[in-house]
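Chain by chain, the residues:
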Amino acid sequence: LTQLESRLVLFEDIGRQILTYGKREDAVTMCAKIDAVTKEDIREVVRKAIKKPPTVSSVGVDISTVPDIGQITQMLGKNSHKRTWF
């Protein structure tokens, strides 16, 4: 939010908000929405996210040590519901 002091960044933010939400919200409203997010809101997002297959991307010359999608899915698999991340 501190970057909104620059006119260029401010106009970019206004355009992004209008394209995304159809309206612009001021910093006070945006901060209030951020402050209203609860621990349970975050947990629900995580629950939904881990139900979907992971997305994997690698960059580099040698990616031989990067686990493949099957290995990653297995790591997140059967016992992932028993983990407590937060």
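Rules of the game
Residues numbered from 1 in each chain as written. Predicted model: local features only at pLDDT ≥ 70, side-chain atom pairs only at ≥ 80, totals over all residues. Heavy atoms only, no water. Helix = DSSP H or I, 4+ residues; strand = E, 2+ residues; numbered from the N terminus. Buried < 20%, exposed > 50% of the residue type's maximum accessible area, 1.4 Å probe, protein only. Contact = heavy atoms within 4.5 Å. Areas by Shrake-Rupley, 256 points an atom, 1.4 Å probe, with all protein chains shown as cover. Patch = residues over 30% accessible without salt bridge, like charges linked within 9 Å, V, L, I, M, F, W, Y side chains within 5 Å. Salt bridge = Lys/Arg side-chain N within 4 Å of Asp/Glu carboxyl O. Expected span 1.5 Å × (residues − 1). Polar contact = N/O pair within 3.5 Å; in protein donor to acceptor, adjacent residues only side chain to side chain.

**Q** Please clarify how the overall build of the chain should be interpreted in this entry.
**A** When its secondary structure is counted, the chain shows four helices and zero strands. Start at the N end of the chain and walk to the C end: the helices and strands fall as α-α-α-α. Expressed as a percentage of the 86 residues in the chain, the buried residues total 8%. Considering only residue pairs separated by 6 or more positions, the chain has 25% of its internal contacts joining residues 24 or more positions apart. Summing over all exposed atoms, the chain offers an accessible surface of approximately 7700 Å²; the carbon and sulfur share of this is 59%.

**Q** Got a minute to help me understand a nonpolar patch on the surface in this structure?
**A** On the surface, Val 56, Ile 63, Val 66 and Ile 69 cluster together to form a nonpolar patch covering roughly 290 Å² of accessible area. Assignment of secondary structure puts Ile 69 in helix 4 (residues 69-76).

**Q** Can you walk me through helix 1 (residues 7-21) in this structure?
**A** In an α-helix, one turn spans 3.6 residues; hence positions three or four apart end up facing the same way. For helix 1, which comprises 15 residues, the first-to-last C-alpha distance of 21 Å matches the rise-based estimate of 21 Å (1.5 Å per residue) to within 8%. Positive backbone phi, at 80°, marks Gly 22, one or two positions downstream of helix 1.

**Q** Any chance you could explain the environment of Lys 51 here in plain terms?
**A** You can see Lys 51 is positioned in the loop between helix 3 (39-50) and helix 4. Owing to a relative accessible area of 73%, Lys 51 belongs among the exposed residues under this scheme. Spatially, the C-alpha atom of Lys 51 lies 9.6 Å from that of Gly 77, the residues being 26 residues apart in sequence.

**Q** I keep staring at the pattern of salt bridges and nothing clicks. Help me out?
**A** Close approach of charged atoms allows side chains with opposite charge to pair. Enumeration according to the criterion identifies six salt bridges in this entry. Put simply, Arg 43 and Glu 40 hold a salt bridge, and the shortest N to O gap is 4.0 Å. Here the residue Arg 43 and the residue Glu 40 both occupy positions in helix 3, the gap between them amounting to three residues, near one helical turn. Among the salt bridges present, the one from Arg 47 reaches Glu 40, with a minimum N-O distance of 2.8 Å.

**Q** Please clarify how the side chain of Gln 17 should be interpreted in this entry.
**A** Following the sequence through the fold, Gln 17 ends up in helix 1. What makes Gln 17 buried here is its relative accessible area of 2%. From its side chain, Gln 17 meets the backbone nitrogen of Glu 25 in a polar contact 2.7 Å long. What Gln 17 contacts, discounting residues up to four positions off in sequence, is Gly 22, Lys 23, Arg 24, Glu 25 and Met 30.

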